[in-house]
Amino acid sequence: MSIWVCGEVLIDLIPGVDGVRVPHVGGGPANTAKALARLGHDVQFIDGISSDLYGVMSRKELLDDEVKLDLALKSDKPTCLAIVSLAENGGASYEFEIDGTATFDFSLDWLPDPSRYKPNVLHIGTLVTVIQPGADVLYDWAIRVAEFAPIVFDPNIRPAVMGDRDKYQMAVEKWAAISSVIKVSDDDMAWLYPDQKCQDVAQRWINDGAALIVITRGADGLLGITADGSVEVPGVKIEVADTVGAGDTVGAIIVEAMIEKGILNLTDEVLKATLHRAAVAAGITCSRKGAQPPYKHELKGV
């Protein structure tokens, strides 16, 4: 089973104990790819990866976790940087250095041909789905991929990059319309749709053809919505180091369940068990500094 994860790998500059920012390999999609590989899955990560020191660091970390980079672009452009600030509760906010980076250098000249490789699922999201001109290139490519594999979309909203709510909402709706699964946080929903309830937006996406919507709610756990109804699981109590990568870990567990159980079987008790596993996995990620998702053995029996 071949899983494609497309989107940015970048460097999170995270405050250390003394306040000095320390580089960590990050980017929502890269975190998801790493989480899937640590769970033992065959993952191809698709992005431009720089030849600079941060790109070398990114490539090494992904390969060390056995993420495959055969379909990634080797580039001499610089790596995108995310300057992270942490709140007292461990929540992260970001400022990005994006322009002219390898990270957002998408072109149909190098993106893999889905008719040749035939992936089983495509996970895509975060900034690559809104940063132009790459976002339009990826959308056209994803429509081709959708002929062969379901799409899992994680908008992972970053208002610091695009503060125009209407424009951001249009981009999310465009991607949601071609996606089978949408994983989104309650904070994302609150910012995107301040006058609507999360469940109402999710139900509309289900009515429009999505099979599953998963809403992450931090310490309050997870909510899954399908045409058959909704399922809730509580969060797992842990000592939070930071929340970087927690939602990306949830996305990985959802993709894992799609591969192992089938997307149409993710309802009722099967969905509840999947969301519980996701909550436990996200808790482990939150207990560590930076995006360090759990390995397969850490979720044994969950």
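Parameters at a glance
- Residues numbered from 1 in each chain as written.
- Predicted model: local features only at pLDDT ≥ 70, side-chain atom pairs only at ≥ 80, totals over all residues.
- Heavy atoms only, no water.
- Helix = DSSP H or I, 4+ residues; strand = E, 2+ residues; numbered from the N terminus.
- Buried < 20%, exposed > 50% of the residue type's maximum accessible area, 1.4 Å probe, protein only.
- Contact = heavy atoms within 4.5 Å.
- Pairing = 2+ DSSP bridges.
- Right-handed = clockwise from strand over helix to strand, strands pointing away.
- Salt bridge = Lys/Arg side-chain N within 4 Å of Asp/Glu carboxyl O.
- Axes fitted to C-alpha atoms, helices over the stretch in contact; angles between N-to-C directions.
- Core = buried A, V, L, I, M, F, W, Y, C linked by side-chain atoms within 4.5 Å.
- Left-handed = near helix turned anticlockwise from the far one by under 90°.
- Nonpolar A, V, L, I, M, F, W, Y, C, P; charged D, E, K, R; others polar.
- Phe/Tyr/Trp six-rings, centres within 6.5 Å; stacked < 30°, edge-to-face > 60°.

Chemist: Honestly, the overall build of the protein in this entry has me stumped. Any pointers?
Modeler: In terms of regular secondary structure, the protein is built from nine helices and 14 strands. Structurally, the protein occupies a C-alpha span of about 50 × 45 × 40 Å along its principal axes. The burial tally for the protein puts 56% of its 302 residues in the buried class. Residue pairs at least 24 apart in sequence account for 70% of intrachain contacts in the protein once pairs closer than 6 positions are excluded.

Chemist: Would you mind showing me how to read the pairing of strand β10 (residues 151-154) here?
Modeler: Taken residue by residue, a regular strand's side chains alternate between the two faces of the sheet. The alternating pattern of β10 places I151 and F153 and V152 and D154 on opposite faces, both of which are buried. Relative to β10, strand β9 (residues 121-125) runs parallel, the two being bridged by four bridges. Pairing of H123 across the sheet is with V152, part of β10. After leaving β9, the chain enters helix α4 (residues 134-145) and then returns to the sheet as β10, a path that is right-handed. Note on the crossover from β10 through helix α5 (residues 165-176) to strand β11 (residues 181-185): the handedness is right-handed.

Chemist: Could you clarify how one ought to interpret the pattern of salt bridges in this entry?
Modeler: Side chains carrying opposite charge are able to pair once their charged atoms draw close together. Tallying each qualifying case throughout the model produces 12 salt bridges. For D113, the salt bridge goes to R144, with nearest N and O atoms at 3.4 Å. Residue D113 is found in the loop between β8 (92-97) and α3 (114-117), and its partner R144 is found in helix α4; the two are separated by 31 residues along the sequence. Owing to a relative accessible area of 35%, R144 belongs among the partly exposed residues under this scheme. For R204, the salt bridge goes to E173, with nearest N and O atoms at 2.8 Å. Separated by 31 residues along the polypeptide, R204 in helix α7 (residues 198-207) and E173 in helix α5 bring together distant segments of the chain. R204 sits in the partly exposed class, given a relative accessible area of 27%.

Chemist: Can you help me understand the sheet that holds strand β2 (residues 10-15) in this one?
Modeler: Two strands in a sheet stick together by hydrogen bonds in their backbones, pointing the same way (parallel) or opposite ways (antiparallel). Strand order across the open sheet formed by four strands is β3-β2-β7-β8, with mixed pairing between neighbours. Two strands bound the open sheet, and with one partner strand each, they are β3 (21-26) and β8. Taking the axes of each pair of neighbouring strands and ignoring which way they run, one obtains an average angle of 30° across the sheet. Inspection of the sheet shows β2 paired to strand β7 (residues 81-86) by three bridges, in the parallel sense. Residue D12 lies in a different strand from β7, and its bridge partner there is A82. The strands that helix α2 (residues 53-64) touches are β2, β3 and β7; relative to β3, the one it contacts most, it runs at about 50°.

Chemist: Can you walk me through the sheet that holds strand β4 (residues 42-46) in this structure?
Modeler: Pairing within the open sheet is mixed, and its eight strands lie in the order β4-β1-β9-β10-β11-β12-β13-β14. Of all the strands in the sheet, just β4 and β14 (229-233) have a single pairing partner and so form its edges. Neighbour-to-neighbour, the strand axes of this sheet turn through a mean angle of 15°, independent of strand direction. In terms of strand pairing, β10 meets β11 through two bridges, oriented parallel. Looking across to β11, one finds that F153 is bridged to I182.

Chemist: I'm lost on the nonpolar core in this one. Help?
Modeler: Taken as a class, soluble globular proteins show a tendency for nonpolar side chains to be buried jointly. L122, L138, W141, Y168, W205, I213 and I215 are the most contacted members of the largest nonpolar core, which totals 56 residues. Sequence-distant contacts of L122, defined by excluding residues within four places in its chain, comprise W4, C6, W141, A142, V145, A149, P150, I151 and V152.

Chemist: Would you mind going over the packing of helix α8 (residues 246-261) against helix α9 (residues 268-286) with me for this structure?
Modeler: Helix-helix packing is described using two parameters, namely the angle between the two axes and the distance between the axes. The N-to-C vectors of α8 and α9 enclose an angle of 145°; their axes lie 8 Å apart at closest approach. Note that α8 runs across α9; the crossing there is right-handed. Every residue of α9 that contacts α8 at A246, T249, V250, I253, E256, A257 and K261 is listed here: V270, T274, R277, A278, A281, A282, T285 and C286. Residue composition of the contact of α8 with α9, grouped by class: nine nonpolar, three polar and three charged.

Chemist: Explain the packing of aromatic side chains to me, please; I cannot follow it from the model alone.
Modeler: For any pair of aromatic rings, the description consists of the separation of the ring centres together with the inter-plane angle of the planes. Going through the model one piece at a time under the given rule, you end up with seven aromatic pairs. Ring plane angle 75° and centroid distance 5.6 Å describe the contact between Y168 and W191, whose orientation is recorded as edge-to-face. Note that Y168 is positioned in helix α5 and W191 in helix α6 (residues 186-192), a separation of 23 residues in sequence. Just as Y168 is buried, W191 falls in that class too.

Chemist: It is not clear to me how the side chain of D65 should be interpreted in this structure. Could you clarify?
Modeler: Relative to the assigned elements, D65 resides in the loop between α2 and β6 (73-75). D65 has contacts with K34, A37, R38 and Y295, leaving out every residue within four places of it along the chain.

Geometric descriptors of this kind do not, in isolation, establish any biological role.
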